[in-house]
Amino acid sequence: MKHVGAIKVFVSTSRANERMPHTILILGGTVEARQIAAALAARGDCDVTLSLAGRTGNPVGQGVPVRVGGFGGVEGLAAYLKENAIGLLVDATHPYAARISTNAAEAAGEAGATIVALRRPGWERVEGDRWSEIDDVPAAVAALGQAPRHVFLTLGRQEVAAFEAAPQHHYLVRSVDPVDPPLAVPDAQYILARGPFETADELALLERHGIDAVVSKNSGGSATYGKIAAARALGVEVVMVRRPRLPDVPSAPTVHDLVSMATHMLGPVAERGV
Ligand code: NAP
């Protein structure tokens, strides 16, 4: 069985040839995945590989060996798990990355690997929030209405294209990689930035651009909560895309809890083999 479109990039080879009792694959693309990888690698008895989809042109250093690219669906991932004798699969992908999470649950079952997922809790609406919750991005476009507005889009660069259907609005688009091609709308400005973002800076940004609607996913966590807090402070509407349904697998809400759970599963740190 061969890998489908995958490149394996070793950023650290010092332990690559030593025998490690635990072989772990972490599905990443999030800050938490990197933190989990670091914590498990630090045990010294785990061969940890982190997997990225390859969406970001210039991913930040991950600190452990990285492989990049899709596996080729459930079958491809199951084959990878078997070929590489992965004992533990950690799904630490973004809460909206539903396809890979679903594939991971199925492939782990097929390959006989243990799976554990990070399920970062979503943000809860609090006093003063003006949220319109909708199911998907096209519904977010519709929720903005007909009258021209100043809209802050904080979605993935692939998702913002849907807003070309509402060219009457003025858009401020923030993404990690450039939106290319740019939106086919008369007025869009772009900011390239990677979180975390402070509430004070988000507040200043919303005010500077006269924003009257923020479109966001319910990502949870603190790194991107600043825009939600800023919108609340300014009485600005947040059009919030609801979370997709994810498979029911053993999970933990935080990096700390997930590492504890994995530690429990792996047992005490093993002596290095020879
Ligand atoms: P998705 O729709 O669930 O996945 C689409 C396909 O991309 C998967 O079927 C898989 O291809 C490949 N893939 C996704 N994550 C992968 C990983 N970690 N390693 C290898 N292949 C992966 O996911 P998505 O929404 O495109 O997100 C892609 C990545 O970006 C995820 O790793 C996620 O954590 C990260 N991310 C997503 C968001 C978001 O809002 N969706 C935000 C921040 C970061 P095959 O079927 O060929 O295996």
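These numbers were taken from a predicted model, which means no experiment stands behind them.

The rules behind the values
Residues numbered from 1 in each chain as written. Predicted model: local features only at pLDDT ≥ 70, side-chain atom pairs only at ≥ 80, totals over all residues. Heavy atoms only, no water. Helix = DSSP H or I, 4+ residues; strand = E, 2+ residues; numbered from the N terminus. Rg over C-alpha atoms; globule rule 2.2 N^0.38 Å. Buried < 20%, exposed > 50% of the residue type's maximum accessible area, 1.4 Å probe, protein only. Lys, Arg positive; Asp, Glu negative; His and termini not counted. Charge placed at Lys NZ, Arg CZ, Asp CG, Glu CD. Axes fitted to C-alpha atoms, helices over the stretch in contact; angles between N-to-C directions. Left-handed = near helix turned anticlockwise from the far one by under 90°. Contact = heavy atoms within 4.5 Å. Nonpolar A, V, L, I, M, F, W, Y, C, P; charged D, E, K, R; others polar. Near = heavy atom within 4 Å. Polar contact = N/O pair within 3.5 Å; in protein donor to acceptor, adjacent residues only side chain to side chain. Areas by Shrake-Rupley, 256 points an atom, 1.4 Å probe, with all protein chains shown as cover. Domains from an automatic or database assignment. Buried area = accessible area lost by both parts, 1.4 Å probe. Salt bridge = Lys/Arg side-chain N within 4 Å of Asp/Glu carboxyl O. Core = buried A, V, L, I, M, F, W, Y, C linked by side-chain atoms within 4.5 Å. Phe/Tyr/Trp six-rings, centres within 6.5 Å; stacked < 30°, edge-to-face > 60°. Lys NZ or Arg CZ within 6 Å of the ring centre and 35° of its normal.

Draft legend 1. Inspection of the overall build of the chain at higher detail. A tally of helices and strands in the chain yields 7 helices and 13 strands. The C-alpha radius of gyration computed for the chain amounts to 20 Å, which stays within 12% of the reference 19 Å derived for 274 residues, consistent with globular compactness. Counting every position in the chain, which comprises 274 residues, the buried fraction comes to 44%. In the chain, 26 positive and 29 negative side-chain charges are present, and the distance between their average locations comes to 4 Å.

Draft legend 2. Region of the structure containing the packing of helix α1 (residues 31-41) against helix α7 (residues 255-266). As a packed pair, α1 and α7 sit with axes 10 Å apart at the nearest point and diverge in direction by 35°. Seen along the crossing, α1 lies across α7 with a hand that is right-handed. The residues of α7 that touch α1, namely those facing E32, Q35, I36, A39 and L40, are V255, L258, V259, A262 and L266. By residue class, the composition of the contact of α1 with α7 is 8 nonpolar, 1 polar and 1 charged.

Draft legend 3. Seen up close, the site of the ligand. Around the ligand sit 22 residues, and of these G28, S51, F71, H94 and K217 come closest. In the environment of the ligand, an oxygen atom lies 2.9 Å from a nitrogen or oxygen atom belonging to the backbone of G72. The separation between an oxygen atom of the ligand and a polar main-chain atom of A98 is 3.4 Å. Protein contacts shield 79% of the accessible area of the ligand, which totals 800 Å² for the unbound molecule. For the shell around the ligand, the secondary structure elements donating two or more residues are β3 (46-52) and α3 (98-111). The biggest single contributor to the shell around the ligand is α3, with 4 residues. Among the residues making up the shell around the ligand, the classes are represented as 7 nonpolar, 11 polar and 4 charged.

Draft legend 4. Up close: the domain arrangement of the chain. Domain annotation of the chain identifies domain 1 (4-121 + 245-266) and domain 2 (131-241). Counting the surface lost from both domain 1 and domain 2, the interface buries some 770 Å², and carbon and sulfur atoms represent 45% of this. On the domain 1 side of the contact with domain 2, R55, Y96 and R120 bury the most area, a combined 55% of that side's loss. The interface formed by domain 1 and domain 2 contains 0 salt bridges. Where domain 1 touches domain 2, the interface holds 5 residue pairs in polar contact (both at pLDDT 80 or more). Per-class residue counts for the side of domain 1 that touches domain 2 are 4 nonpolar, 4 polar and 2 charged.

Draft legend 5. Summary view of the nonpolar core. In this structure, I24, I26, I36, L40, V48, L50 and V90 are the most contacted members of the largest nonpolar core, which totals 24 residues. Of all the secondary-structure elements, those providing two or more residues to this core are β2 (22-27), α1, β3, β5 (88-91), β6 (114-118) and α7. Excluding anything up to four places from it in sequence, I26 contacts A33, I36, A37, L40, V48, T49, L50, S51, V90 and A92. Core analysis: the second largest hydrophobic core is formed by 21 residues, A140, V151, V173 and V239 among them.

Draft legend 6. Spotlight on the packing of aromatic side chains. Evaluation of the coordinates by the stated rule reveals 3 aromatic pairs. With a centroid separation of 5.3 Å and 70° between ring planes, the pair formed by F71 and Y80 is classed as edge-to-face. Exposure remark for Y80: the relative accessible area of 4% places this residue in the buried category. Just above the ring of Y80 sits the side chain of R67; from NZ or CZ to the centre is 5.5 Å. We note R174 situated over the ring of F197; from NZ or CZ to the ring centre the distance is 3.6 Å.

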